[in-house]
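Given next are the chains, with one letter for each unit.
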Amino acid sequence: MAKFKATITAKAKDKTVEQIKRYLQLNDYEVKVTVDPNATDTVVTGVGPAPLKNPTLAKLAEQMGVLLPKTSSTYDLVVVGGGPAGLAAAINARSLYGLTTLIIEQYAPGGTAATAINEIDNYFGFDDGIDAALLCHKAVIQAKKFGAEWLPSYSAATLKLSDDPTTTKHKITATSAEGSPDVTVSTSLILIATGLVPRKLTQPTAAAFEDQGLYYYALPGDAAGVTAKDTIMVIGGGDSAGRAALMFSGKGAKVVMLIKDTLTKDMLDEVSTLVKADKNITVVEKTEATKFEAIKAPSPDNPNAKLTVTANNKASYNVTAVYALIGADPQDKWVVDAGVTIIRKKPDDPVGLVATGLDIFYDAIKNGTFDSKKHADELKNLTDMGTNKPGVFAAGDIRFRAERRIATAAGEGTEAALSMHNYLKAHPHVLDVEAGRAAPAYYLA
Ligand SMILES: Cc1cc2nc3c(=O)[nH]c(=O)nc-3n(C[C@H](O)[C@H](O)[C@H](O)COP(=O)(O)OP(=O)(O)OC[C@H]3O[C@@H](n4cnc5c(N)ncnc54)[C@H](O)[C@@H]3O)c2cc1C
């Protein structure tokens, strides 16, 4: 059950409405949309004290007030990514060590975790399970309580590492997708907590429908308006795809699942068993979507159909919406460009997962060429979550060896804060944690 309520009164054919709606849903809002054909603006009410005309996502974030706005251009710590790993690091860096902290988040606070449609039933301390958006919302409020600031709707794009050992102020530049000027911040510590980004369909005809009928994650709110008159297509054969199919069929909709392989290959048994038994769900195996086009004329038995999807260049389906839940990849060119050690699945992969701790020497250890004497200094200063670059740490799904659960991401974020503290103790010229403001009284006691 969402905590907040918002209303969007949309002008006709406004393509931003879907983005605004989903952004609010990810932030624990229940959203009602009405289209006013005579309106000249799209107006959002219920977010902040006054109605918002044609808001950008950055404006919505500011008005929601979930985290404190950025107040400085210099921080002790910049966290890139506001998911469980980034938030847990910010909470601990602030509450235990008093580090001034900025979170840069390109989309919604809470990260991927907020997109889970299932109750999170494996999170420590919530014996009845907890709604994913609510869990993330609580973590965001906790980070705010301890004074973490944030830069919403910005993506970290370049990282210029300082090689001056006397100051060690790195510079990170973030860009806005909404046309605002670039922002550059100086910082002693950086946490890479960027998780994985949903994989997108590569068919050229898919792009035009993104957020306009084709979505790369399913939210509980997406099922709200769905009825037996709808046909929903779910592409993918993992647990998330299975759960999404069950969610829509639970509303009486017909669901077509297109699976590249077979139903049981990647899906949890408990989910695939329910999918198989569900009469509303048609599973089409060994099949891929090959073409997306706007529907010409919805038929009477399928009045809400918006687009036609062709599969394997043959069968075509008229559907209300498509949810492509086909996995996720790391996408952090800026990390690679900064020289942070990455472990790739295949040597020619452009990106990979960030190496921390002993994994910095992964290739050499694997090849049997690792020389501990040569790396004695690095080994002495090794911290569990530290990368090969001084002051740069990684936690959560982006980290090589991450377990990809909410609890482990939060645990890694917590541990990253401790790794940073250990690093600062060993390099007091960077920031004096024992003597300066970076040490709250109760920690020193
Ligand atoms: C549908 C689904 C259901 C799931 N269900 C469960 C479950 O039931 N239980 C469980 O334990 N786990 C579940 N998981 C896994 C869990 O959500 C992840 O393991 C966890 O969210 C990882 O946390 P993270 O902080 O590492 O990354 P994320 O949560 O992915 O957060 C990373 C954040 O970084 C931001 N970002 C990325 N690049 C940049 C950049 N360059 N600049 C600024 N910001 C950036 C992203 O927008 C994102 O908000 C589920 C995942 C999915 C997709």
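The structure presented is a predicted model; accordingly, all values stated were derived computationally and were not measured.

Reading the values: rules and limits
Residues numbered from 1 in each chain as written. Predicted model: local features only at pLDDT ≥ 70, side-chain atom pairs only at ≥ 80, totals over all residues. Heavy atoms only, no water. Domains from an automatic or database assignment. Contact = heavy atoms within 4.5 Å. Buried area = accessible area lost by both parts, 1.4 Å probe. Salt bridge = Lys/Arg side-chain N within 4 Å of Asp/Glu carboxyl O. Nonpolar A, V, L, I, M, F, W, Y, C, P; charged D, E, K, R; others polar. Phe/Tyr/Trp six-rings, centres within 6.5 Å; stacked < 30°, edge-to-face > 60°. Helix = DSSP H or I, 4+ residues; strand = E, 2+ residues; numbered from the N terminus. Buried < 20%, exposed > 50% of the residue type's maximum accessible area, 1.4 Å probe, protein only. Pairing = 2+ DSSP bridges. pLDDT = per-residue confidence, 0-100. Axes fitted to C-alpha atoms, helices over the stretch in contact; angles between N-to-C directions.

J.: Help me understand the domain arrangement of the chain, please; the structure alone is not making it clear to me.
T.: Frequently, the measure chosen for interface size is the accessible area removed from exposure when the parts meet. Domain assignment breaks the chain into domain 1 (1-58), domain 2 (68-198 + 329-444) and domain 3 (201-324). Here the C-alpha centre of domain 3 lies 25 Å away from the C-alpha centre of domain 1. With six residues of domain 1 at the interface, the matching set in domain 3 holds nine residues. Carbon and sulfur atoms supply 46% of the area buried between domain 1 and domain 3, which totals about 750 Å² over both sides. Sorting the residues of domain 1 by area buried against domain 3 places Glu18, Arg22 and Gln25 first, and these three jointly supply 64% of that buried surface. Among the ionic pairs, Arg22 bridges to Asp222, the shortest N-O distance being 2.8 Å. For the side of domain 1 that touches domain 3, the residue count by class is one nonpolar, two polar and three charged.

J.: How should the packing of aromatic side chains be read in this particular structure?
T.: The way to describe two aromatic rings as a pair is by their centre distance and the angle between their planes. For the coordinates displayed, the defined rule picks out nine aromatic pairs. Between Phe4 and Tyr29, the ring centres sit 5.0 Å apart and the planes meet at 35 degrees, which makes this aromatic pair tilted. A residue pair is termed long-range when its members are at least 10 positions apart, and Phe4 in strand β1 (residues 4-11) and Tyr29 in strand β2 (residues 29-36) qualify at 25 residues. Of the residues examined, Tyr29 reaches a relative accessible area of 9% and is grouped as buried. Pairing Tyr23 with Tyr107 gives two aromatic rings, centres 5.5 Å apart and planes at 50 degrees, and the pair type is tilted. On the criterion of sequence distance, the pair formed by Tyr23 in helix α1 (residues 16-26) and Tyr107 in the loop between β7 (101-105) and α4 (132-145) is long-range, its members being 84 residues apart. Residue Tyr107 is classed as partly exposed on the basis of its relative accessible area, which comes to 25%.

J.: Would you mind going over the environment of Phe4 with me for this structure?
T.: Assessed through its relative accessible area of 28%, Phe4 is described here as partly exposed. Linking Phe4 and Ala324, residues 320 residues apart in sequence, is a C-alpha distance of 27 Å. Setting aside residues up to four positions removed in sequence, Phe4 forms contacts with Asn27, Asp28, Tyr29, Glu30 and His137.

J.: Please explain the pairing of strand β20 (residues 321-324) as it appears in this structure.
T.: Regular strands place side chains that alternate from one sheet face to the opposite one. Here β20 shows a buried face lined by Ala321 and Tyr323 and a second buried face lined by Val322 and Ala324. Summarising the sheet, strand β13 (residues 214-215) and β20 pair through two bridges and their orientation is parallel. Bridging across to β20, Leu214 finds its partner in Val322. Here strand β14 (residues 231-235) runs beside β20; their pairing, made up of four bridges, is parallel. Considered in β20, the bridge of Ile232 is made with Ala321.

J.: So what exactly am I meant to see when it comes to the confidence of the model for the chain here?
T.: Parts of the prediction with low pLDDT should not have their coordinates interpreted in detail. Taken as a whole, the chain shows an average pLDDT of 90; of its residues, 95% reach a score of 70 or greater. Scored below 50 in pLDDT, residues 436-445 makes 22 contacts in the model with residues more than four places away or belonging to other chains.

J.: Can you walk me through the sheet that holds strand β4 (residues 52-53) in this structure?
T.: Pairing between the strands of a sheet is mediated by backbone hydrogen bonds and can be parallel or antiparallel. Here we have four strands laid out as an open sheet, ordered β2-β1-β3-β4, and mixed in their pairing. Sheet topology places β2 and β4 at the edges, where each strand pairs with a single neighbour. One ladder, built from three bridges, connects β1 with strand β3 (residues 43-45); its direction is antiparallel. Residue pairing for β3: Thr9 is matched across the bridge by Val43.

J.: So what exactly am I meant to see when it comes to the sheet that holds strand β19 (residues 315-319) here?
T.: One open sheet holds the three strands; their spatial order is β17-β18-β19, and the pairing between them is antiparallel. Both edges of this open sheet fall to β17 (289-294) and β19, since each of them pairs with a single strand only. Mean inter-strand twist for the sheet, computed between neighbouring axes without regard to direction, equals 20 degrees.

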